[in-house]
Each structure stands twice: as C-alpha cells, then as structure tokens.
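These are the residues of each chain, in order.
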Amino acid sequence: MAEARIFEKLGICKEVYLIRTFLYGIPPRNDAKLFIEDLKFAKVPKRALTLGMQYLNKDSSLIKGILEGSHVPEDLKLKFGKWLSPDNIPVEFKIRGYKPPAPATYSEELYALAKPVFETTFSPLLAEDAIVRQLPETFIVTCEYDVVRDDGLLYKKRLEDNGIPVTWYHVLTKEEYSPGVIWISPFLLPVLFIWAICYDLFKSELPPGIDQPLKLRFYHSLLVMTAVLGRILEKLGICSDISLLRFILDGIPPPWRDSKLLIRDLKFAEVPVRVYQAKAPSVGQRRGVLYFHGGAGTLGSINAFERVCRYIARETDSVVVSVGYRLAPEYLYPSQYWDCLNATIHFMRNVEDYQVDPARIILCGDSCGANFATAICQILVSRTDLPKIRAQVLIYPGLQGLDFYLPSYQQNRSVPILFQDRVVYFCLRYLSKDTSVVEDVLKSSHVPEDMKLKYKKWISADNIPEEFKIRGYKPQKPSSYKYKHDVHEVIKQMLEVMFSPLLAEDVIVSQLPESYILTCEFDVLRDDGLLYKKRLEDNGVQVTWYHNEDGFHGVLTLFGYGIFSFPAAKKILDNTVNFIKKL
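Here's a quick rundown of the structure. Please read these numbers as outputs of a predicted model, since none were measured by experiment.

## Description of the overall build of the protein chain
- A count of helical and extended segments in the protein chain gives 22 helices and 10 strands.
- For the protein chain, the proportion of its 583 residues judged to be buried stands at 49%.
- Surface summary for the protein chain: the accessible area is close to 31000 Å², and the carbon and sulfur share equals 60%.

Spelled out as structure tokens, the structure:
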C-alpha cells in the first residue's frame with residue numbers, strides 16, 4: 001500500500017492501478033470441462049459507478065469522522081438502530097477486545113458528503129422488510145478476523161427474522177492458518193523453541209519418579225512455543241492463540257483403518273459424535289461407553305482422542321461414542337454440558353440401534369471431560385424416564401473451583417504440562433472471563449467466608465490422606481486469604497455445582513452409580529479425584545480407585561504414538577479397560 005502511494009507521488013501510475021494489478025492474480029489454465037466466454041449484459045448503472053468512484057476518491061481527512069459515526073443524523077440512527085446495532089451481534093463475538101463506542105458528534109458537512117452510503121444500493125442491509133422477506137435462500141460466509149464480519153452477522157439475523165432460510169459458515173478453524181504462518185515459521189520457530197526450552201528449564205519442576213522427564217520437557221517446550229507463537233499470530237491477525245493450540249493438539253490421525261472396528265461420524269441431537277463398533281457379531285448386547293474428551297472446555301476434539309476411543313472399543317468389546325461438544329470461547333459456558341447431556345440422552349433413547357444393553361451404559365471422560373461426565377451423572381439421577389447409568393469413569397478429573405491451594409496444587413504447581421496458574425487461566429478462558437484475576441483466584445479471594453465454611457467439610461486438605469502431604473505441602477495461612485467481592489462477581493460461575501460437581505449435596509451423591517476414579521501423582525488435579533473418592537465412599541457409592549505413581553496431567557493425549565508416547569498412558573488405559581470389562 002505504501003509503495004503504491006510512492007508510485008503515485010512520482011507520477012508513474014495511480015495507487016489504485018498498482019493495487020488492482022497486484023490483486024488481479026495469475027489466471028488459471030483453461031478448464032476442459034467448462035465453456036467460458038466474456039459477454040456484456042447492458043451497461044453498468046450510472047449510480048453504482050458514481051458511488052464506486054466517490055467511495056474510492058473520498059478525502060482521507062473525512063475517514064476519522066465517518067468511523068466515529070459523525071456522518072449519521074440522529075433520526076437515521078433511530079430508524080436503522082433496530083437492524084444495525086451491536087445488540088444484534090451474538091455475545092460470543094464481543095469477547096475479543098470490544099468496547100461500546102462513545103457517542104459521536106453529528107456533522108452536517110460529513111452527512112452531506114457521505115449521504116450516498118445510506119442508499120440501499122450501497123448499503124443493502126438497510127432495505128425494508130417488505131423487500132428482505134421476498135429474498136431467496138441465502139448462504140453467508142463470515143471470517144473471524146475480518147472487519148466486515150459483523151455485516152454478515154447482521155444480515156444473517158435480518159434474513160432469519162424475515163423467514164428466509166440461511167446457511168451460515170464462520171471461518172474459525174484450520175482454514176485460518178494462512179500461508180503467512182508458513183512464511184513466518186522458518187525464521188521464528190527456532191528462536192521460539194530455544195526460548196521455550198529455557199523457559200521450561202527455569203520454570204518447570206520435574207520431581208523424582210515422574211515418567212520419562214526429558215521427553216516431557218521436550219513436549220512441554222513445544223507446547224509453550226505454540227502458545228507464544230499463537231499470541232504473536234493473534235496480534236498479527238492471522239489466527240487466535242486458542243486456534244493454533246487446537247490445531248497442534250489435534251494430533252496426527254492414525255494412518256491406518258482399524259480392521260476390527262466400524263467407525264462412523266454421526267450426529268446425536270445435532271451434536272457431532274463418532275461411533276466405534278466392533279465388526280464381529282456379538283452373542284448378546286454390548287456395553288455403551290460415552291467418552292467426553294478433555295481440553296479445559298476450549299481445546300481437544302474427537303480426532304485428538306481417536307486412538308484412545310479405538311483402544312477402549314477394541315479391548316472392551318463396547319460401543320464407544322466420542323462426543324464432539326462445542327468449545328469455548330466461541331460457544332459460551334455451559335454449552336459444553338448441554339451438548340454432552342443431549343448426546344447422552346439421545347444415545348440412551350436409541351441404544352437398540354447399536355445393540356447396546358441399556359443397563360450397561362457408562363459415562364467416561366478425562367480432565368474436564370471427566371467433569372462433564374460427573375455433572376451429567378448427577379443430573380440424570382433424577383430422570384426416571386431414562387435407563388440408569390451403570391458406571392462413571394473419571395480419569396484425572398477436575399471437579400471444583402473453590403480451592404486451588406490443596407496439597408496437589410502446591411506440590412505440582414510447576415509440573416508440566418498443567419501448572420497451577422494455568423488451571424485457573426484456562427478456567428477463566430473457558431468461562432470467557434477476565435484472566436487478570438488469576439492470582440486472586442489462586443489465593444481463594446473469590447470465595448466468600450460463609451461458602452468457605454459451608455464446603456470445608458468436603459473440600460479441605462484435612463480430607464486428603466497423609467501420605468499425599470509429605471512432598472512439599474504447607475497449609476494456607478489465614479492471613480493470605482482476603483475475600484474480594486469484585487473478583488467473586490467476575491467468576492461466581494466457577495462456584496456453581498455444574499462447574500464444581502464436588503459441591504453437590506449428599507442427597508444427589510448418594511444416588512450416583514458405581515465409580516472408577518484415576519489419579520496421577522504428579523497432577524495438580526490429583527486431590528480433586530481424592531476428595532470426590534471420599535465423598536462417594538462416605539455416601540455408600542462403590543468406588544474403584546487407581547493411582548498412577550509416575551503419571552502427570554494430560555498424559556493420555558499422547559497414547560498410541562509408539563516411542564513418542566509415555567508408558568504411564570498405557571498403564572492408565574489398560575487399568576481403565578480392565579474396569580470397564582468387569583461391568
């Protein structure tokens with residue numbers, strides 16, 4: 001753009017001509033299957049051409065006033081406010097750096113100059129409803145990192161409000177990874193990776209006994225590098241940091257088909273699922289396992305846990321349903337719970353289609369997926385119209401947002417790949433809240449004193465067995481706790497039972513099915529599992545507990561990659577499979 005202006009100043013050519021030349025591109029070769037010819041269909045309407053020229057030749061000094069809205073009279077603001085307003089933009093599109101604009105001072109001069117932009121020829125969004133409701137079926141594509149994104153969203157709403165069928169596609173996935181990423185990577189990645197290794201060496205702690213520490217350092221450095229690169233690319237407008245993390249954590253799909261399994265992508269109640277069934281006929285009905293993947297509600301996918309679900313289906317001879325719930329921040333909490341619940345209910349009502357025994361339905365998940373499984377089990381205990389859940393399988397679950405100072409949070413605060421502060425950070429990203437309150441939450445400043453006292457009987461280091469307090473635990477000093485009401489108001493959703501199922505009342509917990517809980521020694525979330533184990537047992541629920549002595553949080557995501565995997569992942573999954581086979 002700057003070079004084009006220099007050419008214009010030198011009198012070589014106009015700025016717009018050089019830009020046109022650049023954007024013209026390289027024409028493709030002739031297409032043998034298509035007949036293509038250039039024709040002229042009447043003349044271009046004079047008004048459209050005039051407006052186009054006016055648009056290109058506006059005095060640049062007017063741009064600031066137009067951007068501020070000073071060209072819009074009050075009567076037009078009122079008239080078109082019902083169609084053109086931030087209130088009509090879904091909330092999830094306002095999270096990333098949006099601030100309501102300050103009132104603009106109207107300028108009659110600007111209005112006179114910019115008057116053509118209010119004509120429906122230039123701004124078809126301003127067409128009357130009588131016209132809009134006669135329009136045909138419409139397909140709209142919007143891009144997250146596009147200044148005109150909201151024009152598409154507003155027109156989508158207008159069309160739908162007038163009964164027009166709209167198919168909408170929003171680009172916020174792998175399509176975002178433009179060639180710019182490839183162009184930057186050779187120069188940036190080596191520097192970032194060296195920095196990430198140094199960061200890991202200085203910030204991480206790998207206690208004696210952890211599984212393959214050097215390999216873990218390498219993976220953690222890659223993850224840190226990806227997070228930093230994501231922030232850089234987000235600043236450049238190429239993609240969001242969350243999107244890049246999703247892309248990397250999606251893993252590599254297995255290069256082979258599983259000859260023993262029939263694998264299908266379906267939708268249960270509009271929720272994407274992948275169903276894994278054995279091809280070999282079964283003598284009787286099989287178990288049904290619903291699997292909810294981890295990823296802090298913002299990461300992870302069906303593809304990322306493909307190897308895990310194949311293994312469970314193959315080794316237990318069960319029908320496994322991997323649920324692809326919607327992710328935050330695009331879809332706000334608690335959308336993830338409703339997707340998992342709706343997919344579960346659909347499966348329970350249609351088990352005969354998959355030759356599944358309705359008395360042997362199991363909910364299974366890891367990390368936040370285990371949180372979803374726990375919450376759904378609690379919701380379903382009161383449903384008399386559905387089969388009873390046979391068991392819940394919870395793999396290193398995160399179950400509460402009340403106390404981040406438990407022994408495991410202290411002992412493993414800097415153990416890759418989930419640091420203590422990252423737990424809170426991702427919880428806040430998941431809830432679409434301000435991440436600047438991380439330190440306050442770590443100090444429990446978000447918890448009112450009465451709530452702290454109420455739940456101390458369930459969430460307290462006193463309920464953790466003594467053998468888990470030996471390694472570097474210090475009780476929180478009362479002087480370090482100071483309740484802050486403003487912090488509580490920001491993240492009070494974290495203290496809801498749905499988000500923190502460890503806070504459920506005994507009347508609910510006592511009705512829960514047989515449970516399997518897996519904890520890892522070097523996991524900040526270890527004590528959530530230990531506390532829930534105690535709660536279940538205190539309420540008479542049968543619990544099978546497996547504690548992995550050398551495992552860490554997230555180890556299961558690397559299952560099935562041969563020498564790139566960790567032995568702890570195989571131990572965890574084999575123990576889980578053995579439990580399921582007994583049901």
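Once you've had a look at it, read on.
## A word on the packing of aromatic side chains
- Going through the model one piece at a time under the given rule, you end up with 22 aromatic pairs.
- Taking 6.2 Å as the distance between ring centres and 65° as the angle between the ring planes, the aromatic pair formed by Phe-93 and Trp-168 counts as edge-to-face. On the criterion of sequence distance, the pair formed by Phe-93 in the loop between α5 (74-80) and α6 (108-114) and Trp-168 in strand β2 (residues 166-171) is long-range, its members being 75 residues apart.
- Given the relative accessible area of 30%, Trp-168 is considered partly exposed.
- Through a chain of ring-to-ring contacts, three or more aromatic side chains come together here, namely Tyr-325, Tyr-333, Tyr-337, Phe-372, Tyr-430 and Phe-499.

## Here's the deal with empty space enclosed by the protein
- Summed over the entire model, instances satisfying the criterion amount to 1 cavity of 30 Å³ or more.
- Considering only enclosed or pocket space, the largest cavity measures out at about 40 Å³ in volume.
- Together, Asn-303, Ala-304, Phe-305, Glu-306, Arg-307, Val-308, Leu-556, Thr-557, Phe-559 and Tyr-561 line the largest cavity.

## Here's the deal with the nonpolar core
- Residues Phe-292, Val-323 and Met-494 are the most contacted members of the largest nonpolar core, which totals 85 residues.
- Here this core takes 8 residues from helix α14 (residues 368-380), the largest share from any one element.
- Counting residues in hydrophobic clusters, the runner-up holds 41 residues, among them Tyr-276, Tyr-291, Tyr-396 and Val-415.

## Some remarks on helix α12 (residues 306-316)
- Of all 11 residues making up α12, 9 are buried, and the element is well covered by its neighbours.
- Buried within α12 are the following residues: Glu-306, Arg-307, Val-308, Cys-309, Arg-310, Tyr-311, Ile-312, Ala-313 and Thr-316.
- The inward-facing, buried residues of α12 abut β3 (261-268), β4 (271-278), β5 (286-292), β6 (319-323) and α22 (567-581).
- Trailing α12 by a residue or two, Asp-317 shows a phi angle of about 55°, which is positive.

## Here we look at the pairing of strand β7 (residues 356-366)
- Taken across its 11 residues, β7 has 8 buried, putting it largely inside the fold.
- Pairing between β5 and β7: 6 bridges, direction parallel. Residue Tyr-291 lies in a different strand from β7, and its bridge partner there is Cys-364.
- Pairing of β7 with strand β8 (residues 391-395) involves 5 bridges; the strand directions are parallel. Bridged to Asp-366 within β8 is Ile-395.
- On the question of chirality, the crossover connecting β7 to the parallel β8 by way of α14 is right-handed.

## A closer look at the pattern of salt bridges
- What the rule picks out here adds up to 30 salt bridges.
- With a closest N to O distance of 2.4 Å, Arg-158 and Asp-129 form a salt bridge. With a gap of 29 residues between them, Arg-158 in helix α8 (residues 149-161) and Asp-129 in helix α7 (residues 129-132) connect regions that are remote in the sequence.
- Under the relative-accessibility criterion, Asp-129 is labelled partly exposed at 26%.
- Measuring nitrogen to oxygen at the nearest pair gives 2.8 Å for the salt bridge that ties Arg-310 to Glu-306. Within this pair, Arg-310 and its partner Glu-306 are both found in helix α12, separated by 4 residues, close to a single helical turn. Of the two residues, Arg-310 and Glu-306, neither departs from the other in class, the shared state being buried.
- Via salt bridges that share partners, Asp-265, Arg-274, Glu-306 and Arg-310 belong to a single interconnected network.

## Here we look at the sheet that holds strand β10 (residues 543-552)
- With mixed pairing, 8 strands are arranged side by side in an open sheet as β3-β4-β6-β5-β7-β8-β9-β10. Single-partner strands in this sheet number two, and they are β3 and β10. Strand after strand, the sheet turns through a mean of 20° between neighbouring axes, direction not considered.
- Relative to β6, β4 runs antiparallel, the two being bridged by 4 bridges. Each bridged residue has a counterpart across the sheet, and for Arg-274 the counterpart in β6 is Ser-322.
- Strands in contact with helix α21 (residues 526-538) are β8, β9 (514-522) and β10; relative to β9, the strand with the most contacts, it is inclined by about 150°.

## Let's talk about the pairing of β3
- Of the pairings in the sheet, the one linking β3 to β4 comprises 8 bridges and is antiparallel in character. In the sheet register, Phe-268 faces β4, and the bridge partner there is Val-271.
- Between β3 and β4, which follow one another and run antiparallel, lie 2 residues, and Ala-269 among them has a positive phi close to 55°.

## Comments concerning helix α11 (residues 241-249)
- Those residues of α11 that fall on the buried side of the exposure criterion are Asp-241, Ile-242, Ser-243, Leu-244, Leu-245 and Arg-246.
- Here the buried face of α11 lies against α10 (213-235) and α16 (420-430).
- Taken from the residues just after α11, Gly-251 is the one with a positive phi, measuring 75°.

## Side note on the side chain of His-446
- For His-446, the position within the fold is in the loop between α17 (438-442) and α18 (449-455).
- Looking at His-446, the relative accessible area reads 0%, which means it is buried.
- Reaching out from His-446, the side chain makes a polar contact with the backbone oxygen of Gly-401 at a distance of 2.8 Å.
- The residues touching His-446, leaving out its near neighbours within four places in the chain, are Gly-401, Leu-402, Phe-404, Asp-440, Val-441, Tyr-483, Val-487, His-488, Ile-491, Met-494 and Leu-495.

## Here's the deal with the packing of α10 against α11
- In contact at an axis separation of 7 Å, α10 and α11 are set at 140° when each is read in the N-to-C sense. When the interaxial angle is binned, α10 and α11 end up oblique. The crossing of α10 and α11 is right-handed. Only Asp-241, Leu-244, Leu-245, Ile-248 and Leu-249 of α11 make contact with α10, whose side of the interface consists of Leu-223, Thr-226, Ala-227, Leu-229, Gly-230, Arg-231, Leu-233 and Glu-234.
- Partitioned by chemical class, the residues of the contact of α10 with α11 number 8 nonpolar, 2 polar and 3 charged.

## Here we look at the packing of helix α13 (residues 335-349) against α14
- Across the interface, α13 lies against α14 with an axial gap of 10 Å and an inter-helix angle of 60°. Relative to α14, the element α13 lies oblique. As α13 packs across α14, the resulting crossing turns out to be right-handed. Each of Gln-336, Tyr-337, Cys-340, Leu-341, Thr-344, Ile-345 and Met-348 in α13 lies in contact with α14, whose residues at this interface are Asn-371, Phe-372, Ala-375, Ile-376, Ile-379 and Leu-380.
- Its residues placed into classes, the contact of α13 with α14 shows 10 nonpolar, 3 polar and no charged.

Cut-off values and rules
- Residues numbered from 1 in each chain as written.
- Predicted model: local features only at pLDDT ≥ 70, side-chain atom pairs only at ≥ 80, totals over all residues.
- Heavy atoms only, no water.
- Helix = DSSP H or I, 4+ residues; strand = E, 2+ residues; numbered from the N terminus.
- Buried < 20%, exposed > 50% of the residue type's maximum accessible area, 1.4 Å probe, protein only.
- Areas by Shrake-Rupley, 256 points an atom, 1.4 Å probe, with all protein chains shown as cover.
- Phe/Tyr/Trp six-rings, centres within 6.5 Å; stacked < 30°, edge-to-face > 60°.
- 1 Å grid on protein atoms, 1.4 Å probe; cavity = no way out; pocket = protein on both sides within 12 Å on 5 of 7 lines; lining within 4 Å.
- Points joined across faces, edges and corners; volume = space filled by probe spheres on them.
- Core = buried A, V, L, I, M, F, W, Y, C linked by side-chain atoms within 4.5 Å.
- Contact = heavy atoms within 4.5 Å.
- Pairing = 2+ DSSP bridges.
- Right-handed = clockwise from strand over helix to strand, strands pointing away.
- Salt bridge = Lys/Arg side-chain N within 4 Å of Asp/Glu carboxyl O.
- Axes fitted to C-alpha atoms, helices over the stretch in contact; angles between N-to-C directions.
- Polar contact = N/O pair within 3.5 Å; in protein donor to acceptor, adjacent residues only side chain to side chain.
- Parallel < 35°, antiparallel > 145°, perpendicular 65-115°, else oblique.
- Left-handed = near helix turned anticlockwise from the far one by under 90°.
- Nonpolar A, V, L, I, M, F, W, Y, C, P; charged D, E, K, R; others polar.

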